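One-letter residues, chain by chain:
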Amino acid sequence: MLWFIALILIVLAACYRRVSLLITTAIIGIWLAAYILTQGLTPFSQGLWAAFLLIFMLLNINGLRLKLISRPLFKLMKAALPPMSQTEREALEAGTVWWDAELFSGKPNWKVLQDLPAAKLSAEEQAFIDGPVETLCSMLNDWDITRNRMDLPAEVWDYIKQQKFCGMIIPKQYGGLEFSETAHSEVVMKISSRSSTAAVTVMVPNSLGPAKLLLAYGTEAQKNHYLPRLARGEEIPAFALTGPHAGSDAGAMPDNGVVCYGDFKGKKTLGIRLNWEKRYITLGPVATVLGLAFKLYDPDHLLGDKDAIGITVALIPTKTPGISIGRRHFPLDSAFQNGPNWGKDVFIPMDWLIGGVDQVGNGWKMLMQCLATGRAISLPALSVGGAKFTCRNTGAYARIRKQFNVPISEFEGIEEPLAHMAGQTYLMDAARKVTCAALDQGEKPSVISAILKYELTERMRKIINDGMDIQGGSGICMGPRNYLGRLYQVIPVSITVEGANILTRTMMIFGQGAIRCHPYIQKEMAALNQTDAGQAIRQFDQVLFEHIGFFMRNYAASYWMRLTNARFIDVPGDENTRSYYRQIARLSAGFAVLADFALLTLGGALKRKERISGHFADVLSNLYLCSCVLKHFENQGSRPEELPLLHWACQQTLYQAQQSLLAILRKLPMPQVVWFVRALFSILPMRPITAVLTAIVFPLGKPCNPPDDRLVHETASLLLTENPVRDRLTQGIYINTKPADATGRVEVAFKTVLAAAPVEAKICQAQKQKKLAKGDPSNTVNEALAKGVITQQEADLIDEANHARLAAITVDDFSPEELTWSGQGD
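The residue count restarts for each chain, going from 1 along the sequence in the order it is written. Selection of residues for local features in this predicted model requires a pLDDT of at least 70, selection of side-chain atom pairs for listing and counting requires 80 or more, and totals for whole chains, interfaces and linings are taken over all residues. No hydrogens and no water enter the side-chain calculation; it runs on all heavy atoms of the structure.

**As for the overall build of the protein chain**
In this text, helices come from DSSP runs of H or I with a minimum length of four residues, and strands from runs of E with a minimum of two, each type numbered from the N-terminal end. Summing up its helical and strand segments, the protein chain has 34 helices and nine strands in all. The C-alpha radius of gyration computed for the protein chain amounts to 31 Å, which stays within 12% of the reference 28 Å derived for 826 residues, consistent with globular compactness. Overall, the protein chain is about 100 × 95 × 45 Å in size when its C-alpha atoms are taken along their principal axes. A 1.4 Å probe rolled over the protein chains alone gives each residue an accessible area, and that area as a share of the maximum for its type sets the label: buried under 20%, exposed over 50%, partly exposed in between. Across the 826 residues of the protein chain, 55% fall into the buried class. Contacts: residue pairs with any heavy atoms within 4.5 Å of one another. For the protein chain, the share of sequence-separated contacts (at least 6 apart) that also reach a separation of at least 24 residues comes to 76%. The quantity called the radius of gyration is restricted to C-alpha atoms. Its globule counterpart is 2.2 Å times the number of residues to the power 0.38.

In structure tokens:
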């Protein structure tokens, strides 16, 4: 038994160190020789020697290995390789890989993350946020916008255009602001904390739209004509992609254009005749120029030999004959401009194609490349703005509002969602800032963009739901005093757009990540698609056995780190963060093993196993988010007072990653083989003696646990007082301190209630000593004043707090006539 334990340890050590196959063969040969010398040449040892020679000769002699192993596997995998459409291929190849590839490797190179500079704003960018953005927020009244106008006021539209809000990504040479991605994110985040309508209006021209496409692919003439006009707001852009028959599957669009000659400005011109029907197009009803995606056909071969050229993108003035535009959708009572448009026999010249004739058929690639960065900025920034807004205001409300003579924040049932709100907001902001820093360094991580879009919008949804639960009746009674209801209403919009969240999770994150981020899958696919058969098999053989070594290394590492709780691996960090780095490394190795196992056992069928793929996405997403939290904490100076937020966010994400790995194990096929992988997580039932021996020889590391009650209390408490951590957590949103404003009343009440808290404590102490009658301290002020328990100045503080509290918790009511719809839809 000891001999075979030694053999297992030798093999695991060789795998862990990625020792070459030849050296591994020699080591095992030495072990076998030592075994025979000590145990004698028995029939059993002879069988071992024969098995050794058979296996390792087969593996080490290239000709045998190619003929008996690699060639059959090559044929098997080539037959199992699922077909891939051009749009799928272009989507998979979009953008770059970054930290996601490190997590896929099972052995993250922490230097990649550590060397990333922290996101910073320039003086010009900060001045814009402190000036025009602040001014814009002060001009917005969300209730008036959504109830009475169903649009931004004219003066707000004018201000947005004058200050070039729609030109943040446009270079200065074209009259734009040329802001960093970090500044772009900060602007959207701040506006979204005041009005989602205004935020969407500003973010769409700077996200996936004509400006981004022109910058990346436009001709010089197109850039010189359109970019200055877009920067000044003379043109309002919209991008038309989705339609009735093509939503998430945008590649299935029936919208088409046919290359032909037509009349343009009185001249016979080579161009395209278009027909389309689009819907859900943001800014469409007010757009002056429309980016249009369609399938291009050339039946007369006026451009080349192809009949079906593929998805192409054009930029078309909306006044062009044949275009119908202006009608609006009504997305959940939100007032941002969104609607359908149609084109009937619309003729355009070829130079209206973005990039001209050279870019025909490249439309899907263009869109995917631009979306690789845009998806990581706009909706994540809007989500973080909503999360910070809810944290600050609902946290204050929980301290202001009283029930049973105490603030509702003192109830454990309220404390738990408060902690969830604070921890998730910290986590979301960390992911936003770290990802923006990577974008500013030139990264275009498409998988990470999908992670951010999905995770931050989903976590924002949960935070606002928590806020609504705490607000109670004040959250559901609509009116100018309700600061959370409209935000709650429009949550599904962010969940739905830029890739529906269900499909983003179950198809995109892991589906794209498994190919783009895995160190060997793309190489193996390339070998399988080689036209030279001999070269293909040789290339496949080399990559295949490197892949096997990669798998075995991660298996050995996972087992070792599970047994030791990863205590002996080299990671960065200090006494507060080192354990989290270790757990990321441990779970990353386990994730890599399970990903390879799923790819091996399911092959192309994994594409349709969306429940498994969704759990893989959850693991990768949570490991990325936890990495961002650690990086953000260090960028912030590793402040001790922020430790509750750090611990809550790391423990929550690691626990979710662990649980998702266990969920994958329960769903993996081939149960007779799954035990091999499940051993990594120590979840197999064992006989009592085996369990005892395992516990003695290999003491298991502790599993990842969710935040405990003590940490929940510490985290929630950060929202209930005025402190620097609360201010940093909600930094970057619009804060109004005027009593006439809904959030201003909460800010005023929060300060006055906290100022009166010591006086209430004096009254409570007097009540315990039976000097005063029992009851709410704020209602026994006169008795306390008469008996000298408090001074007149202290009594005034409580009176002021009572008035401010009442103003903050009062809800709106209306006459029947006032409730008659008065908006544009009447």
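Read on, since the account is not over.
**What to know about the nonpolar core**
Judged by nonpolar contacts, the single largest core of 188 residues is most densely connected at F165, I191 and Y624. The biggest single contributor to this core is helix α17 (residues 412–440), with 14 residues. What Y624 contacts, discounting residues up to four positions off in sequence, is W98, W99, L103, T435, I448, I451 and L452. By nonpolar core we mean a set of buried residues, namely Ala, Val, Leu, Ile, Met, Phe, Trp, Tyr and Cys, connected to one another through side-chain atoms within 4.5 Å.

**Some details on helix α11 (residues 181–192)**
Multiplying 1.5 Å by the helix residue count minus one yields the expected span of that helix. Along its twelve residues, α11 runs 16 Å from first to last C-alpha, staying within 8% of the 16 Å computed at 1.5 Å per residue. Where burial is concerned, most of α11 is hidden: twelve out of the twelve residues are buried. For α11, the full list of buried residues reads E181, T182, A183, H184, S185, E186, V187, V188, M189, K190, I191 and S192. Tucked into the core, α11 has its buried residues touching α8 (123–138), α12 (196–206), α16 (378–400) and α17.

**Some points on the side chain of R432**
Along the chain, R432 turns up in helix α17. R432 sits in the buried class, given a relative accessible area of 1%. Other than its neighbours up to four places away in sequence, R432 contacts S185, E186, M189, A381, V384 and L452.

**Digging into the packing of helix α1 (residues 2–16) against helix α2 (residues 21–39)**
Helix axes use the C-alpha atoms of the stretch in contact, all axes being lines fitted to C-alpha atoms, and the angles between their N-to-C directions lie in the range 0 to 180 degrees. Across the interface, α1 lies against α2 with an axial gap of 10 Å and an inter-helix angle of 170°. Taken together, α1 and α2 sit at an angle that is classed as roughly antiparallel. Contacts from W3, F4, A6, L7, I10, V11 and A14 of α1 reach α2 at T24, I27, I28, W31, A34, Y35, T38 and Q39. Roughly parallel means an angle under 35 degrees; roughly antiparallel means over 145; roughly perpendicular covers 65 to 115; every other angle is labelled oblique.

**A closer look at the confidence of the model for the protein chain**
For residues with low pLDDT, the predicted coordinates do not support detailed interpretation. For every residue, the pLDDT score states the predictor's confidence, bounded by 0 at the bottom and 100 at the top. Predicted confidence across the protein chain gives a mean pLDDT of 89, with 95% of residues reaching 70 or more. With pLDDT under 50 throughout, residues 682–701 is counted as low confidence; its partners more than four residues away or in other chains account for 20 contacts.

**Quick word on helix α13 (residues 210–217)**
Of all eight residues in α13, six are buried, a share of seventy percent or more. Among the residues of α13, P210, A211, K212, L213, L214 and Y217 are the ones counted as buried. Lining the buried residues of α13 we find α12, α14 (220–232), β1 (237–240), β4 (289–297), β5 (308–317) and α15 (363–374).

**Comments concerning the pairing of β5**
In terms of burial, β5 is largely enclosed, as seven of its ten residues are buried. Across nine bridges, β4 lies against β5 in antiparallel orientation. Residue pairing for β5: L292 is matched across the bridge by A314. Two strands are said to pair when DSSP picks up at least two bridges between them.

**Some remarks on unusual backbone geometry**
Phi at L283 takes a positive value of approximately 70°, unusual for a residue other than glycine. Mapped onto the elements of the fold, L283 is located in the loop between β3 (267–282) and β4. The exposure class assigned to L283 is buried, which follows from its relative accessible area of 2%. The backbone of D333 sits at a positive phi, close to 65°, despite the residue not being glycine. What makes D333 partly exposed here is its relative accessible area of 24%.

**As for a positive patch on the surface**
Note that patches include only residues with greater than 30% relative accessible area and no salt bridge, and the join distances are 9 Å for like charges and 5 Å for nonpolar side chains (Val, Leu, Ile, Met, Phe, Trp, Tyr). Under the convention used here, a 1.4 Å probe and the Shrake-Rupley method define accessible areas, while residue burial counts only the protein chains that appear. Should a side-chain nitrogen of Lys or Arg be within 4 Å of a carboxyl oxygen of Asp or Glu, the pair is scored as a salt bridge. Only four residue types enter the tally: Lys and Arg on the positive side, Asp and Glu on the negative side; His and the chain ends are excluded. Charge positions are represented by NZ for Lys, CZ for Arg, CG for Asp and CD for Glu. On the surface, R608, K609, R611, R666 and K667 cluster together into a patch of positive charge. In this fold, R608 is placed in the loop between α25 (578–602) and α26 (610–635). Among the residues examined, R608 registers a relative accessible area of 61% and is labelled exposed.

**Section: the packing of aromatic side chains**
Stacked, edge-to-face and tilted are the three classes for Phe, Tyr and Trp ring pairs, Trp counted by its six-membered ring, which pair at centre distances within 6.5 Å; planes under 30 degrees apart are stacked, over 60 edge-to-face, the rest tilted. This structure, assessed with the given rule, holds 21 aromatic pairs. Between the aromatic rings of F404 and F411, the centroid separation amounts to 6.1 Å while the plane-to-plane angle is 85°, which identifies the pairing as edge-to-face. For F411, a relative accessible area of 29% puts it in the partly exposed group. Grouped by ring-pair contacts, the aromatic residues F104, F510, F591 and F616 constitute a single cluster. A ring has a charge above it when a Lys NZ or an Arg CZ is no more than 6 Å from the ring centre and no more than 35 degrees off the ring normal. Against the face of F545 rests R65, its NZ or CZ located 4.5 Å from the ring centre. For K268, the ring lying beneath its charged end belongs to Y261, and the centroid distance is 4.9 Å.

**Points about the packing of α11 against α17**
Look at α11 against α17: their axes get within 8 Å of each other, and the N-to-C directions meet at 145°. Contact residues: α11 offers E181, T182, S185, E186 and M189, while α17 offers D429, R432, K433, C436, A437, L439 and D440. Under the grouping applied here, Gly and all other residues not named as nonpolar or charged are polar, the nonpolar ones being Ala, Val, Leu, Ile, Met, Phe, Trp, Tyr, Cys and Pro and the charged ones Asp, Glu, Lys and Arg. Residue composition of the contact of α11 with α17, grouped by class: four nonpolar, two polar and six charged.

**What about the side chain of R392?**
Here R392 shows up in helix α16. In this structure the side chain of R392 is engaged in a polar contact, spanning 2.9 Å, whose partner is the side chain of T730. Contact partners of R392, with chain neighbours within four places excluded, come to R726, D727, T730, I733, I735 and E747. Two N or O atoms count as a polar contact when they lie within 3.5 Å, although within protein this holds only if one can serve as hydrogen donor and the other as acceptor, and sequence-adjacent residues are included solely when both atoms are side-chain atoms.

**Topic: the state of the cysteines**
A pair of sulfur atoms, both from cysteines and within 2.5 Å, is called a disulfide here. Applying the stated criterion to the full structure yields zero disulfides. Its sulfur unpaired, C517 is 14 Å from the next cysteine sulfur, which belongs to C628.

**So, a nonpolar patch on the surface**
Where nonpolar side chains cluster on the molecular surface, the patch consists of W49, L53, M57, I61, L64 and L68 and spans about 510 Å² of accessible area. Going through the elements one at a time, α3 (43–60) and α4 (62–80) are the ones with two or more residues in the nonpolar patch. Per-element accounting of the nonpolar patch gives the leading share, three residues, to α3. Looking at where L68 falls in the secondary structure, it is placed in helix α4.

**Points about the environment of K172**
Structurally, K172 can be placed in the loop between α10 (154–162) and α11. According to the relative accessible area criterion, K172 is partly exposed, its value standing at 45%. The contacts of K172, once residues within four sequence positions are left out, are E124, L177 and E178. Within polar-contact distance, the side chain of K172 engages the side chain of E124 at 2.9 Å.

**Remarks on the environment of E794**
Of note, E794 is situated in helix α34 (residues 792–809). Given a relative accessible area of 18%, E794 falls into the buried group. Residues E794 and G175 lie 619 residues apart in sequence; the distance between their C-alpha atoms is 58 Å. If we skip the residues at most four places from it in the chain, E794 touches V759, K762 and V789.

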